[in-house]
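# A look at the structure
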Amino acid sequence: MTLRARTLRARLVATVLLLLALVGAVIGVATTLALRGFLYGQLDAEVLSAASRFAVSRSQPAPPGAPTDFLGPAQRPRTVGAVVVGDTVQDAAVTDRRGSSSPVSAADQAVLAAVSPGPYPRTVDLSLGAYRVVALTTADGVLVVGQPAEQVTDVVNRLVVIELIVIGVALAGAAAVGLVVVRRELRPLEEVAGIAAAVSTMELDSGEVDLATRVPEPDDRTEVGQVGVALNRMLDNVSGALDARQESETRLRRFVADASHELRTPLAAIRGYAELSLRDPAGSAYPLARITSQAERMSALVEDLLLLARLDAGRPLERTEVDLTRLVLDAVSDAHAAGRTHRWELDLPDEPVTVTGDASRLTQVLTNLLANARTHTPAGTHVTVGLRPGAVVTVSDTGPGIPADLAPHVFERFARGSAGRARAGNDTPGTGLGLAIVDAVVAAHGGTVQLTSRPGHTAFTVRLPMSDSRVESGGLAG
């Protein structure tokens, strides 16, 4: 198995050990070479000192009665020396531990005779072992002196062995500690992998999905923590998208169910009245009138649904200069004619207010708001329609108000209240799309609509963008 195929933990530990081994090898080699050079420097100094003593002993005769020594006094044991005249060794000996000298072999003499005179010692191999020797030229010939280098070699070899043992123990300890440290540092990454694996097994294509699992408290100052933070953000985005999708699917199913229910009611009435008229053709006037009424109701519902579908699809609205003051006056006039039991009031600015938009759709917004106030409040309710500079329209009434649990949903499709704002004096149920159309049309104009309600005061506030000089043609097909 290659290093690339191993786990990240194994690769990290192996890389650290490789670096430690490389550093240890460099330190070991540098230490060994430095010690070897130092020891050979000391040995060379001793060899030169021995050669100097040998030359002095050769140039000065020994005092009468003093013991004669070929290499001179105070030489270390196993010091080798030779006197070479021409290419012939005149004499050669090696000292022992007692200070006496003994001859060297002919082979060693030949090696010593081959040493060239010079100021620096060199290494030669004798039958006695490796020696550092130096050759000095004197009046008696060439003096060759050498001392064994085995001690230096032994010290260097022992150092190498110790370094290998120390480096080996250090690498073993580093491997154990490294495994523990790397495992601890990579634990958050394992949690990230576990969470990602768990998410990969979830069925995200349908139903509600619980993506509440997150990486606990990732530290964004570290690389692993940054991965955890990125995963948490990704899960937040995915969770939000899934929630939005689920909510959209839920709204769609509810919309289809409500639309089917709304259409089923007039269809059932049409069918019933049609059967009644077939059984009694003479008395078919009333059934036909009811059939016509239900057909009109169903047609209005379909038109509202088509309008919402077009607005949802982003179909462009007609863009013309619209006198919003005139639309408010006409809408209130129509509402007054339709709801004479209510008290209608106007609050208009001195100057006309104009906006850029679709006049027919804005008229529908005003009509729906006024119809909502008229049909959901009792007779005698004050309804005030206000217009302010800045294209702000308010429709407020003194009715019973909208229940607190219904208020957040009034702009949803098919939203109705069962109490509080009942449909006063009107037994024909609404479609529940009026305020949804208001919200969709205002949003298509780039505006907003807000609701405030409490018992005795309910107000819808519509804010539209002011008119500008850029008038776009084209409109929302009917």
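Residues numbered from 1 in each chain as written. Predicted model: local features only at pLDDT ≥ 70, side-chain atom pairs only at ≥ 80, totals over all residues. Heavy atoms only, no water.

Per an unreviewed UniProt entry, the protein goes by the name histidine kinase and belongs to Pseudonocardia oroxyli. Per UniProt, the comment on the protein under Cofactor (unreviewed entry) is "a divalent metal cation". What the UniProt record of the protein gives under Catalytic activity (unreviewed entry) is the line "ATP + protein L-histidine = ADP + protein N-phospho-L-histidine." (UniProt positions renumbered as here; feature names shortened; annotations may be inferred.)

## Topic: the pairing of strand β11 (residues 392–397)
Within β11, five of the six residues are buried, leaving the element largely enclosed by the surrounding structure. As paired elements, strand β10 (residues 382–388) and β11 share six bridges and run antiparallel to each other. Each bridged residue has a counterpart across the sheet, and for Val385 the counterpart in β11 is Val395. Adjacent in sequence and paired antiparallel, β10 and β11 are bridged by three residues, among which Gly390 carries a positive phi angle near 100°. Pairing analysis gives six bridges linking β11 to strand β13 (residues 457–463), with the strands arranged antiparallel. Within β13, the position partnered with Ser396 by the bridge is Ala459. (Buried < 20%, exposed > 50% of the residue type's maximum accessible area, 1.4 Å probe, protein only. Helix = DSSP H or I, 4+ residues; strand = E, 2+ residues; numbered from the N terminus. Pairing = 2+ DSSP bridges.)

## Focus on the sheet that holds β10
Read across the open sheet, the five strands follow the order β8-β10-β11-β13-β12; overall the sheet is mixed. The open sheet is flanked by β8 (343–347) and β12 (448–454), the only strands paired with a single partner. The sheet shows a mean angle of 10° between the axes of neighbouring strands, direction not considered. Where β8 lies against β10, five bridges are found, and the strand directions are parallel. (Axes fitted to C-alpha atoms, helices over the stretch in contact; angles between N-to-C directions.)

## What about unusual backbone geometry?
Phi is positive for Arg78, which is not a glycine, with a value near 70°. For Arg78, the location among the structural elements is in the loop between α1 (8–59) and β1 (80–85). Looking at Arg78, the relative accessible area reads 31%, which means it is partly exposed. Notably, Ala391 is not glycine yet its phi reads approximately 60°, a positive angle. As for its placement among the helices and strands, Ala391 is situated in the loop between β10 and β11. With relative accessibility at 0%, the residue Ala391 sits in the buried group.

## A word on the sheet that holds strand β5 (residues 129–138)
Taken together, six strands build an open sheet; the order of strands is β3-β2-β1-β6-β5-β4 and the sheet is antiparallel. In the strand order of this sheet, the two ends are held by β3 (101–103) and β4 (122–126), each with one partner. Taking the axes of each pair of neighbouring strands and ignoring which way they run, one obtains an average angle of 30° across the sheet. Of the pairings in the sheet, the one linking β1 to strand β6 (residues 141–148) comprises five bridges and is antiparallel in character. Across the sheet, the residue bridging to Val80 is Gly146, located in β6. Of the strands in this sheet, β1, β5 and β6 are in contact with α1, which crosses β6 at around 140°. Strands β1, β2 (88–95), β4, β5 and β6 of the sheet are contacted by helix α2 (residues 106–113), whose axis makes an angle of about 160° with β4. (Contact = heavy atoms within 4.5 Å.)

## Some thoughts on the side chain of Asp108
Of note, Asp108 is situated in helix α2. Buried and without a salt bridge, Asp108 has Arg78 as its closest oppositely charged side chain, separated by 9.4 Å. A polar atom in the side chain of Asp108 sits 2.5 Å from the side chain of Ser127. Excluding residues that lie within four positions of it along the chain, Asp108 makes contacts with Leu126, Ser127 and Leu128. (Lys, Arg positive; Asp, Glu negative; His and termini not counted. Salt bridge = Lys/Arg side-chain N within 4 Å of Asp/Glu carboxyl O. Polar contact = N/O pair within 3.5 Å; in protein donor to acceptor, adjacent residues only side chain to side chain.)

## Describing a nonpolar patch on the surface
Judged by side-chain polarity, Val161, Ile165 and Val169 come together as a nonpolar surface patch covering roughly 280 Å² of accessible area. Here Val161 is to be found in helix α3 (residues 150–200). Assessed through its relative accessible area of 46%, Val161 is described here as partly exposed. (Patch = residues over 30% accessible without salt bridge, like charges linked within 9 Å, V, L, I, M, F, W, Y side chains within 5 Å. Areas by Shrake-Rupley, 256 points an atom, 1.4 Å probe, with all protein chains shown as cover.)

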